[in-house]
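# Tertiary structure, described
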Amino acid sequence: MSNKKKKKKKNAGPPLALVRLSQCMIVKNEEKNIEKALSWAKKIAFEQIVVDTGSTDKTVEIAEKMGAKVFHFKWIDDFAAAKNYAIEQATGNWIAFLDADEFFSIENANKVMMYLKKFQSDPQSKEKTLALSCKISNVDDEGKPFAVFAQWRIFRNLPHIRYVGKIHERLSINGEYATNIEDITIIHTGYTPSAYMEANKRERNVELLRRELEQNPDNLNLKAYLADSLLIGRLDDNVKEAEALYKEVINGGPEVTKAHIKSAYLFLIRNYLTKAEALNEAFELSRRSLEFDPVDPDFRYYYAIALYNKGDYLDAWNEFLKVEEMLINDTVLDQSRFVSTNSEQLFTYMARLATVLNDVSSFIRYTSMLLMADKTKQPLLSSYIATLLANNTSNDDTIGLLEKIYDLNDANDLLIIAKASKDCGAIELARLIVEMIKT
């Protein structure tokens, strides 16, 4: 008989939650995107389901080479039908449904799995959490976000969870059973102007939406979607039609989504701010938008611009300060389409207002921030130097302030300062800077 003692089994704790994630997508002619679309989920997905709706390029070939299960669905002008067919092919217990022009970063993909394991192992979550809502960031051709919103894209594979709507389809889930996840974001490249026009999405969507509106002529959400699609390309006739549709949207009832109302307000306000004869309408709409949502940073930003255009400079200054505070404190900026990605324009307005209000210290502060972002702006630098000298700042002190922005050991930076000094009449300062170049 062996004298070896049996080793006691270590207490390994509760078993890991079993998560089988099915990545699903519908595609057509996505050979430029399909590899990236499948790559992010390669290490976490139990299976990858690709439903092709009639590709004539190498989409199917690439997907198959990457190990995806490829199915074919005849396109019937119905996004929900195609997506539901994809869901029916999935055998996992969770589904991540992203389009071919959408992806998670690797870091966020790992977070997705972390959250799914958490919800799968919690008995209460199994009943209460049917879907995860995460941010979707639309990016432009340079990769900069221009719109951020939330959608349910990760959900349990259950028979009653399906998409509805032939276009701008949505999941048939009660919002009470969705959990919002703040720290994961889907990157969406498909609404960049180049990608949108290249794929002919605009014409397809406009046609489908017009058909839907024939059957549901009072559906304001469909009208908002149609206005959004019409604005791609911005032909004059389309802009006029979009304007009329958006006016209906902001005057509509409670069934209109908050996101659609925001889009409508922002388009109308921005459009009217470009027309001298419509500045009063821009002001009134911006005031109404703030009544609709007082904490929205974009609404407050455009309200401040409308005040500025009216000549109400002190009120505009105070509103811009509130927007800056939101920016500094990162307050509700996930709702922002413009402020969070265009702080330079905000600081430009504040520098102008500081001049009007004779607030020299604020002018210096905001102009310095603008020059730090782009030190080649010579007209702005000329104004900066002229303001310093007009307020009895010595040449030495002016050079000391400029040193915080420019590299005084760099001849190119010194040339920028010398030219700006000469342009604003600061000849002695220009001479000193030239001497620094020589040495």
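A quick note: this is a predicted structure, and the numbers were derived from the prediction, not measured. (Residues numbered from 1 in each chain as written. Predicted model: local features only at pLDDT ≥ 70, side-chain atom pairs only at ≥ 80, totals over all residues. Heavy atoms only, no water.)

## Brief notes about the packing of aromatic side chains
Each aromatic ring pair is characterised by the separation of its centres together with the angle its planes make. Defined as follows: Pairing of aromatic side chains requires ring centres within 6.5 Å, counting the rings of Phe and Tyr and the six-membered ring of Trp. Pairs whose planes differ by under 30 degrees are stacked, by over 60 edge-to-face, and all others tilted. Strands here mean DSSP runs of E at least two residues long; helices mean DSSP runs of H or I at least four residues long; both are numbered from the N terminus. Only protein chains enter the calculation, and the probe is 1.4 Å; a residue is then buried if its accessible area is under 20% of its type maximum, exposed if over 50%, and partly exposed in between. The rule for a charge over a ring is simple: NZ of Lys or CZ of Arg within 6 Å of the ring centre, and within 35 degrees of the ring normal.
Within the structure shown, the criterion is met by 16 aromatic pairs. Relative to Y366, the ring of W317 lies with its centre 6.0 Å away and its plane at 80°, an arrangement referred to as edge-to-face. Note that W317 is positioned in helix α13 (residues 313–329) and Y366 in helix α15 (residues 360–373), a separation of 49 residues in sequence. Taken individually, W317 and Y366 each receive the classification buried, so the pair is uniform in this respect. Here the aromatic residues Y301, Y302, Y308, Y313, F320 and Y349 are joined through ring pairs into a cluster of three or more. Sitting above the plane of the F103 ring, K36 keeps its charged end 4.2 Å from the centroid. Above the ring of Y349, the side-chain terminus of R352 is found at 5.3 Å from the ring centroid.

## Some points on a nonpolar patch on the surface
For clarity, the threshold we go by: Only residues whose relative accessible area exceeds 30% and that take part in no salt bridge are eligible for patches, with like-charged residues grouped when within 9 Å of each other and nonpolar side chains (Val, Leu, Ile, Met, Phe, Trp, Tyr) grouped when within 5 Å. Where accessible areas are quoted, they stem from the Shrake-Rupley method and a 1.4 Å probe; at the residue level, only the protein chains shown are allowed to cover. A side-chain nitrogen of Lys or Arg and a carboxyl oxygen of Asp or Glu constitute a salt bridge if their distance falls within 4 Å.
On the surface, a nonpolar cluster with roughly 330 Å² of combined accessible area is contributed by Y313, L314, V356 and L357. Topologically, V356 is positioned in helix α14 (residues 343–356). Judged by its relative accessible area of 45%, V356 falls in the partly exposed class.

## Structural notes on the pattern of salt bridges
For the structure on display, the rule yields 26 salt bridges. Across the pair E291 and R287 runs a salt bridge whose closest N-O atoms are separated by 2.4 Å. One end of the pair, E291, and the other, R287, are both in helix α11 (residues 279–292), four residues apart, so they sit about a helical turn from each other. E291 sits in the exposed class, given a relative accessible area of 55%. In this structure, E319 and R300 form a salt bridge, with 2.5 Å as the shortest nitrogen-oxygen distance. Of this pair, E319 sits in helix α13 while R300 sits in helix α12 (residues 297–310), and the two are 19 residues apart along the sequence. Taking relative accessible area as the criterion, E319 reaches 10% and is therefore assigned buried. With relative accessibility at 13%, the residue R300 sits in the buried group. Through salt bridges that share partners, D77, E207 and R211 make up one connected network.

## Here we look at helix α3 (residues 79–89)
Basically, it comes down to this: Each polar contact in these results corresponds to two N or O atoms within 3.5 Å; when the atoms are within protein, one needs to be able to donate a hydrogen and the other to accept it, and residues that are neighboring in sequence are counted only if both atoms are side-chain atoms.
The set of residues buried in α3 consists of F79, A80, A82, K83, N84, A86 and I87. Near the N-terminus of α3, the side chain that reaches the backbone nitrogen of A80, with its oxygen 3.1 Å away, is that of D78.

## Topic: the side chain of Q120
Locating Q120 in the fold gives a position in helix α4 (residues 106–121). The exposure class of Q120 is buried, given its relative accessible area of 13%. Within the structure, the side chain of Q120 is placed 2.9 Å from the side chain of W94, a separation counted as a polar contact.

## Concerning the confidence of the model for the chain
Condition: Every residue gets a pLDDT, meaning the predictor's confidence in that residue, from 0 to 100. When checking whether two residues touch, look at their non-hydrogen atoms; a contact exists if any pair is within 4.5 Å.
Considering every residue of the chain, the mean pLDDT works out to 89; 91% of them sit at 70 or more. Below a pLDDT of 50 lies the segment residues 1–16, which in the model reaches zero contacts outside its immediate sequence neighbourhood of four places, other chains included.

## What to know about the state of the cysteines
Going by this rule: Whenever a pair of cysteine sulfur atoms sits within 2.5 Å, that pair is classed as a disulfide.
For the structure on display, the rule yields zero disulfides. With no disulfide of its own, C134 has C24 as its nearest cysteine by sulfur position, at a separation of 15 Å. For C134, a relative accessible area of 0% translates into the label buried.

## Points about the pairing of strand β3 (residues 69–72)
Which entries qualify depends on this criterion: In this scheme, strands are said to pair when DSSP sees at least two bridges between them. By definition, the crossover connecting two strands over a helix is right-handed if that path, from the first strand to the second, turns clockwise as seen with the strands pointing away from the viewer.
Examined bridge by bridge, strand β2 (residues 47–52) and β3 share four bridges and lie parallel to one another. Counterpart to V51 in the pairing with β3 is F71. Once the chain exits β2 it traverses helix α2 (residues 59–65) before rejoining the sheet at β3, and the crossover so formed is right-handed.

## Concerning the nonpolar core
Put simply, the rule is: Side-chain atoms within 4.5 Å link the members of a nonpolar core, which is a set of buried Ala, Val, Leu, Ile, Met, Phe, Trp, Tyr and Cys residues.
Of all hydrophobic cores here, the largest spans 98 residues; its most connected members are F97, F155, Y301, F320, L381 and Y406. Among all residues touching Y301, those that are not within four sequence positions of it are F320, V323, V339, Q345, L346 and Y349. Formed by 24 residues, the second largest nonpolar core is a distinct cluster that contains V19, W40, L116 and I186.

## Digging into the pairing of strand β4 (residues 94–97)
Neither face of β4 is open: one carries W94 and A96, the other I95 and F97, and all of them are buried. For strand β1 (residues 21–27) and β4, the ladder comprises four bridges, and the chain directions are parallel. Its bridge partner lying in β4, S22 is registered against I95.

## Section: the environment of S336
Assignment of secondary structure puts S336 in the loop between α13 and α14. Using a relative accessible area of 2% as the deciding quantity, one classes S336 as buried. A sequence separation of 80 residues divides S336 from V256, and the C-alpha atoms of the two residues are 19 Å apart.

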